[in-house]
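What the coordinates show
Residues per chain, in single letters:
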Amino acid sequence: MTSSARYHRCLVFCLVTTTLTCLMTSCYGQEAEPTLLLKFKSSLENATSSLGNWNSSVPLCAGNASNWNGLLCFNGQFFGIRLESMGLSGNLDMDTLSQLTNLLTISVMNNNFEGQFPDVKKIGGRLRGVFLSNNRFSGELPDDAFAGMKSIRRILMANNEFTGKIPTSLLGIPKLVELQVQDNKFDGTIPAFNQQDFQLNVANNKLEGPIPSQLTSQSASSFAGNLDLCGEPMPACPTSKKKKKGIPIVAIILASIGGLIILAIIFFALFLLHRQRKKPTQYEKSVSVKNLNKKSEREEKYTRSHEKGKLYFVRRDREKFDLEDLLRAPAEVLGSGSFGSSYKADLPIGKPIVVRRFRQMSNMGKEDFHEHMRRLGKLSHPNVLPLVAFYYRREEKLLVTDFVDNGSLASHLHGKRSPYQPSLDWPSRLKIIKGVTRGLSYLYKELPTLTLPHGHLKSSNVLLDHKFEPLVADYALVPVINKDHAKQFMVAYKSPEYMQNERLTRKTDVWSLGILILELLTGRFPANYLKQGKGANADLAMWVNSVVREEWTGEVFDKDMDTTKHNCEGEMLKLLKIGMCCCEMDVGRRWDLMEALHKIEELKESDEEDYSSNYYYASDDQGEMYSSKVITDDDFSFSKNA
């Protein structure tokens, strides 16, 4: 064979090899992505159940929906990884992820990852979001940890165990709009961030020194918990003082002796003066009393004007009234809870209102408190009790809401009923739990930055109107309640994850929902809610599990619920299983809220009712992507020991 023929044959072989390589890897991109993702999965621990549908024979995306759990898709193209609240641990294989050329965002929040900060800069400048909050990452971040990442917009690393300095390479990211590093152990000073529309949270670290002037417009709560930070919006920095020259010890002793002698002379002179002072005349007494009265009147007027305060209304659809109207109105004490007392006030204008008095709300300054309440005032949903107005003083706060005339779910389940008052039947209880879940889902959607959009979900905080429509109350109070008080009394802090690891996630509210479902079905009150501090494990959930483990029987259901009239035992059993899946102790195995919502929406009043599909949409925590799906009966499967 001639050298020319050999050359052409070699050229053809190289072209064929290159083409085959392209087909298998990056020339056509999509073919390589499943292989790389499966390789990435192999570096994770506890991924078998949550990522069980990762299969190279199935396309990654179908339009804007993902066929693989935890992937984000748009127009049939994979662009992000969102593996949140799955109980995952192990390694985050950045070398493999760096080969995914379409990867724009990665989130592993609310998991159990440990070790050093993952080297995200390997993914390159295309990455737009990194979300690592609520894990156990630790150690120092290299100063160049974010070097060259020009496209990144959001970095969330809150509630980990990072130490050392905040990397200055963050200053070189022009598009950065949000950085959350609160609840870590960062020390040193805060870099002088100068990005536009920038939001920063560095609360509860070990930072020190003056806050850069570029950040003075940030909320004071974003810097709270750093004892050595100063300057706007925190207290002013102390002025530096020159060191004084040391004073000889002999001079100090002589000065002390001289001072004592002078003090003795002064006291002796005052004593003689007191002995010689004349008694006041009647005229002097009269003048003195008059002046005293004038002074007390001025002080009383000043005190009244400052204590009077002002009610701030957050809704425009309510007729306004002032604090004096409220104080003059006939009032009735409704009860005293773990946060304070509640009063019903009958105003001459409009319908009755309820005033909640809080003394355990000094977590926030005035401006941040006002901002949080205004945010809550914008919420509007048929199953969420609206905030009407609020009152702020340093010592106490008042929250004003509408009066709901049918009491709480707790009073209907556990209170004494009159002979003519019927118990809650299955249709009423199903209606209530559907409304509660819809209201909770709305809070999740409207308050995406809160780890606990509710935080205190229990039967006494579910109010019922005259049609037995539920209204969720006492929501989103975790940011404003003193943390020590919250740990003692709030329901979220009774959850298994807080008891075991002192951690809260967005699935903690789901655990509270599960306990509420079991309480609704069994008629039993959750005993662990009565215990202060770290509650015992979910007593009610443990009891239900012990009954169910032996045999599926009706022993678990409330005897006051008329099951024969509605032929609904099959549907009640489904709801029982949903409650148990929401109460799963392992956060990774516990259902998320959307999954619980759609299973609950499928439930019917009787076993014979026709089924109709439910459509839904869900947004991620960043409010950037949406997906849709149709739920069918085939999706609803349980095991006996679920």
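Read on for an overview of the structure.

About the cut-offs
- Residues numbered from 1 in each chain as written.
- Predicted model: local features only at pLDDT ≥ 70, side-chain atom pairs only at ≥ 80, totals over all residues.
- Heavy atoms only, no water.
- Helix = DSSP H or I, 4+ residues; strand = E, 2+ residues; numbered from the N terminus.
- Contact = heavy atoms within 4.5 Å.
- Buried < 20%, exposed > 50% of the residue type's maximum accessible area, 1.4 Å probe, protein only.
- Expected span 1.5 Å × (residues − 1).
- Salt bridge = Lys/Arg side-chain N within 4 Å of Asp/Glu carboxyl O.
- Core = buried A, V, L, I, M, F, W, Y, C linked by side-chain atoms within 4.5 Å.

Comments concerning the side chain of Asn 110
Mapped onto the elements, Asn 110 comes out in the loop between β7 (105-107) and β8 (114-115). The residues touching Asn 110, leaving out its near neighbours within four places in the chain, are Ser 85, Met 86, Ser 133, Asn 134, Asn 135, Thr 505 and Arg 506.

Overview of unusual backbone geometry
For the peptide bond that leads from Glu 232 to Pro 233, omega is 0°, which places it in the cis range. Turning to its location among the elements, Pro 233 is positioned in the loop between β17 (228-230) and α4 (249-276). Within the chain, Asn 46 stands out as a residue other than glycine whose phi angle is a positive 65°. Turning to its location among the elements, Asn 46 is positioned in the loop between β1 (44-45) and β2 (61-62). Looking at Asn 46, the relative accessible area reads 52%, which means it is exposed.

Considerations on helix α14 (residues 569-582)
Residues that lie three or four places apart on an α-helix share one face, since the helix turns once every 3.6 residues. Its 14 residues place the ends of α14 20 Å apart at the C-alpha level, agreeing with the 20 Å of an ideal helix rising 1.5 Å per residue. Across the 14 residues of α14, 10 count as buried, placing the element largely inside the fold.

Digging into the pattern of salt bridges
For side chains of opposite charge, pairing can occur when their charged atoms come near one another. Inspection of every chain in the model, using the stated rule, returns 16 salt bridges. With a shortest N-O distance of 2.7 Å, Asp 474 and Arg 356 are connected by a salt bridge. Placement of Asp 474 in the loop between β25 (470-472) and α10 (483-489) and of Arg 356 in strand β21 (residues 353-358) is noted, with a sequence separation of 118 residues between them. For Asp 474, a relative accessible area of 13% gives the class buried. On the basis of relative accessible area, Arg 356 is assigned to the buried category, the value being 15%. Here Arg 590 ties to Glu 497 by a salt bridge, and the two come within 2.8 Å at their closest N and O atoms. Note that Arg 590 is positioned in the loop between α14 and α15 (593-601) and Glu 497 in helix α11 (residues 496-501), a separation of 93 residues in sequence. Note on Glu 497: relative accessible area 4%, which makes it buried. Through salt bridges that share partners, Glu 571, Lys 574 and Lys 604 make up one connected network.

Here we look at the nonpolar core
Nonpolar side chains tend to gather and get buried jointly when the protein is soluble and globular. With 57 residues, the main nonpolar core has Ile 81, Leu 83 and Phe 146 as its most contacted residues. Elements that contribute at least two residues to this core include exactly α2 (32-42), β4 (71-74), β5 (77-82) and α3 (94-97). Top element by residues in this core is α2. It accounts for three residues. Grouped together as the second largest cluster of nonpolar side chains are 46 residues, Leu 521, Val 544, Met 561 and Leu 575 included.

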